[in-house]
There are 2 protein chains.
Amino acid sequence: MSRSEFQLIQSYFSDPQQVSRPDLILGIGDDCAIVAPREQAHLAFSIDTLISGVHFPQDTPPDAVAYKALAVNLSDLAAMGAEPAWFTLSLTLPDITHDMPREQWLEKFSKSLFSLAREHGIQLIGGDTTKGPLAITIQVSGYLDKSRGMQRSGAKVNDLIVVTGALGAAAMGLKIALQQHDEQYACLSQQDKQQAVKALNYPLARVAEGLNLHNIAHSAIDISDGLLSDLGHILTASGVGAELALEKIPLAASLACLDKKTAWEIALTGGDDYQLCFTLAEDDWPDVKAQYPNFSAIGVITAQKDLHLSAAETQGSGRQEYKIPTRGYDHFG
Amino acid sequence: MSRSEFQLIQSYFSDPQQVSRPDLILGIGDDCAIVAPREQAHLAFSIDTLISGVHFPQDTPPDAVAYKALAVNLSDLAAMGAEPAWFTLSLTLPDITHDMPREQWLEKFSKSLFSLAREHGIQLIGGDTTKGPLAITIQVSGYLDKSRGMQRSGAKVNDLIVVTGALGAAAMGLKIALQQHDEQYACLSQQDKQQAVKALNYPLARVAEGLNLHNIAHSAIDISDGLLSDLGHILTASGVGAELALEKIPLAASLACLDKKTAWEIALTGGDDYQLCFTLAEDDWPDVKAQYPNFSAIGVITAQKDLHLSAAETQGSGRQEYKIPTRGYDHFG
């Protein structure tokens, strides 16, 4: 790292308010950071890159960029049932971002980053900065107490499929942020729109939920690319199928005015929700539901390796099959 | 991660030949990787991003890009005296790189990456791929056996300053790769040029040397931005100064035909050498030198917080002071 990069990091990423973990031996500013992990613990690692114009709209404010970059990584720890510990940051920055000089942008970025880090007790221990098109790579490390975590491959036939909260707000927010005006979204109020954009920019990582679930859930994933796509990973890894009951899918409040089919499609295929999707034995569901009333059981794992979607008919007790044209958002697509 | 990204990673980054470490619980393909660190060990982490056109010329072949991206991170572990264990990779890739379809590029990239990884017993445990301008971020993790490593801040007055090998080849290689033709480089043979470009593209991480030194050296850094710049970090962190004897600096063979002053300037300010620069007590030097004849003591740590450069005069026993216009390569510059 060169002198000016070093100074840049020193000034913006050495927050005296930041978390100060007892298991850190050496933090930012040397060739490596050094940690002394707890005895008997396993460690979970995840790395994610967010690129401006790919993973977030180019005019996303620096506070939101920082929040989201860390949150999506915390969400990976959450999906594994791990406890956040340390993170490293690689930041590629142009001279001017979002019409701000670099210093102003960095100040807002680092303030927001450290605020979320404090909330989760995770400490920035190292980094790298480079000049170039805006991109943020974060690697998070967390503790798993001698457990193998909630892996994608653990789903069992007859498991219930549960999501930790409402879906679709972030995908709606992306449409709004990209100004994809469409007749069918005209019913959204100003407040609906604001909530949707907030869901896109400030996703909540379900870390506490992940920690609580990690001895109960058989499998888990965080919903980053859309429920169908991410549930698909669980099904593939576990060698099973699923039946989803669309009427049970909790729809974000900002989708309430849309017709059901449009709302379901957004909730099923839209990315960036960062709710957890997990499976567990039916017997364990009542206790979990009692603790987390916002969780919803939306389907069941089947031996047949298909993903079936159906909805209760509005009249009568029959069910109508649904087909969704695409399985989720593809950053390479 | 979306379906096609997932398949991309699955196909190119699941090398059956790859290192299979006993301390890995869960590798690529879930929300997190899981490791079970050795008892009583400390862990060292480092993250580095290489961007095409910034950290390597845009026409650098994929084999070299992969090699260098991992080597510069291994070099950070080496500078700390850590033993490589696991790494994660975030790869941002355009559709076409270096006039190759993505698949061909990825095949060469991953083959080279795994080859170097095998050499150092380090295992790829997770990753992220995105479409965009070519950039590679790697985070490495390594073991430090209950030691605090070789930190930049440990240099002591009267320590000798040592480099692990010849300097300047990579900086010369960059001039050649960027076709910066200059009268003064006309003396280089075709072989000199090839060696220089090889030094740029395939830097050797001094991992074994770092491990051997780590109870002897008082401070260390790897030379990524040029000797003066990187030694400067040691001096600043340790609150000391240094005197360097230019005639003792080992110059790369490919600089042999240049006049001394030009060669010194390249060796002192050119980046990408990835030799280690470390300091140790004078008493320990003979044993180290006996083990590593290629190491060179090039100066001494002083209490006065300046960096003095001088060279023995060709006639007589006097010394001539030198000033170097810049302190090193600045990626932000």
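These remarks concern the structure in this document. Per chain, the residues get numbers from 1 upward, laid out in the order the sequence is written. To read the labels, note that chains go from A and ligands from 1, taken in the order they are written. Where totals are concerned, whole chains, interfaces and linings use all residues; where local detail is concerned, this predicted model gives features only for residues with pLDDT of at least 70, and gives and counts side-chain atom pairs only at 80 or more. Only heavy atoms go into the side-chain values, all of them from the structure, while hydrogens and water stay out.

Attention now moves to the packing of helix 4 (residues 169-177) of chain A against helix 5 (residues 190-201) of chain A. All names here are of chain A. Contact geometry for helix 4 and helix 5: axes closest at 7 Å, N-to-C directions at 105°. Here helix 4 is positioned roughly perpendicular relative to helix 5, judged by the angle of their axes. When helix 4 is examined against helix 5, the residues Ala169, Ala170, Met172, Gly173, Leu174, Ile176 and Ala177 are found in contact with a partner set consisting of Lys193, Ala196, Val197, Ala199 and Leu200. Axis geometry follows a simple rule: fit a line to the C-alpha atoms, using only the stretch in contact for helices, then measure angles between N-to-C directions, giving values from 0 to 180 degrees. The helix and strand labels rest on DSSP assignments: H or I over at least four residues marks a helix, E over at least two residues marks a strand, and numbering proceeds from the N terminus. Angle categories: roughly parallel below 35 degrees, roughly antiparallel above 145, roughly perpendicular from 65 to 115, and oblique for all the rest. Between two residues, a contact is recorded if the distance between any of their heavy atoms is within 4.5 Å.

The next point concerns the relation of the copies chain B and chain A. All copies are superposed by least squares; the fitting set is the C-alpha atoms of residues with a pLDDT of at least 70 in both. Least-squares fitting of chain B to chain A yields an RMSD of 0.0 Å, with the superposition described by an axial translation of 0.0 Å and a rotation of 180°. Put plainly, the chains are arranged around a two-fold axis. By C-alpha distance to the rotation axis, the residue of chain B lying nearest is B:Glu39, at 3.2 Å. Here 100% of the contact residues of chain B are again contact residues in chain A; the copies associate through an equivalent surface.

Centres within 6.5 Å make a pair out of two Phe, Tyr or Trp rings, where for Trp the six-membered ring is used; the pair is then stacked when the planes are under 30 degrees apart, edge-to-face when over 60, and tilted otherwise. Within the structure shown, the criterion is met by 19 aromatic pairs over all chains. With a centroid separation of 4.9 Å and 20° between ring planes, the pair formed by A:Trp105 and A:Phe109 is classed as stacked. Residue A:Trp105 and its partner A:Phe109 are located together in helix 3 (residues 102-120), separated by four residues, close to a single helical turn. The two residues A:Trp105 and A:Phe109 agree in class, both being buried. Residues B:Trp86 and B:Tyr143 carry aromatic rings whose centres are separated by 5.6 Å and whose planes lie at 65° to one another, so their mutual orientation is edge-to-face. Of the two residues, B:Trp86 sits in strand 4 (residues 83-93) while B:Tyr143 sits in strand 8 (residues 135-144), which places them 57 residues apart along the sequence. With respect to burial, B:Trp86 and B:Tyr143 carry one shared label: buried. Within the aromatic cluster, the residues linked to one another by ring pairs are A:Phe45, A:Trp86, A:Tyr143, B:Phe45, B:Trp86 and B:Tyr143. Any Lys NZ or Arg CZ that is within 6 Å of a ring centre and within 35 degrees of that ring's normal is treated as a charge sitting over the ring. Taking NZ or CZ as reference, A:Arg38 lies 3.9 Å from the ring centre of A:Tyr143, over its face. A simple rule labels every residue: compare its accessible area, found with a 1.4 Å probe on the protein chains alone, to the largest value its type can have, and call it buried under 20%, exposed over 50%, or partly exposed in between.

The next thing to look at is the interface of chain B and chain A. Contacts between the two partners involve 78 residues from chain B, matched on the other side by 78 residues from chain A. The term buried area means the drop in 1.4 Å probe accessible area that two parts suffer when joined, counted for both and summed. Roughly 5,800 Å² of surface becomes buried between chain B and chain A when both sides are summed, with 54% attributable to carbon and sulfur atoms. Salt bridge, as applied in this entry: a Lys or Arg side-chain nitrogen positioned within 4 Å of an Asp or Glu carboxyl oxygen. For the pair chain B and chain A, the number of links is four salt bridges. Across the pair A:Asp30 and B:Arg152 runs a salt bridge, and its minimum N-O distance is 3.6 Å. Whenever a nitrogen or oxygen atom comes within 3.5 Å of another N or O atom, the pair is scored as a polar contact, on the condition that within protein one atom can donate a hydrogen and the other can accept it, and that pairs from neighbouring residues in sequence are kept only if both atoms are in side chains. Applying the counting rule to chain B against chain A returns 18 residue pairs in polar contact (both at pLDDT 80 or more). For the side of chain B that touches chain A, the element with the most residues is strand 3 (residues 42-51) of chain B, which contributes nine residues. Here the nonpolar group is Ala, Val, Leu, Ile, Met, Phe, Trp, Tyr, Cys and Pro; Asp, Glu, Lys and Arg are the charged ones; every other residue, Gly included, is treated as polar. The residue makeup of the side of chain B that touches chain A, split by class, is 32 nonpolar, 28 polar and 18 charged. Across three bridges, strand 3 (residues 42-51) of chain A lies against strand 2 (residues 33-35) of chain B in antiparallel orientation. Looking at strand 2 of chain B, one finds that A:Leu43 is bridged to B:Val35. Pairing between two strands is assigned when DSSP locates at least 2 bridges connecting them.

Now for the sheet that holds strand 9 (residues 160-163) of chain B. In sheet architecture, strand pairing relies on hydrogen bonds along the backbone and comes in two forms, parallel and antiparallel. Residue and element names in this part refer to chain B. Taken in spatial order, the seven strands make up an open sheet running 10-12-9-13-11-14-15, and their pairing is mixed. Edge positions in the sheet fall to strand 10 (219-222) and strand 15 (319-322), since each has one partner strand and no second. Across the sheet, the axes of successive neighbouring strands diverge by a mean angle of 25°, strand direction being ignored. Sheet analysis places strand 14 (residues 307-312) next to strand 15, joined by four bridges and oriented antiparallel. Paired with alanine 312 across the bridge in strand 15 is arginine 319.

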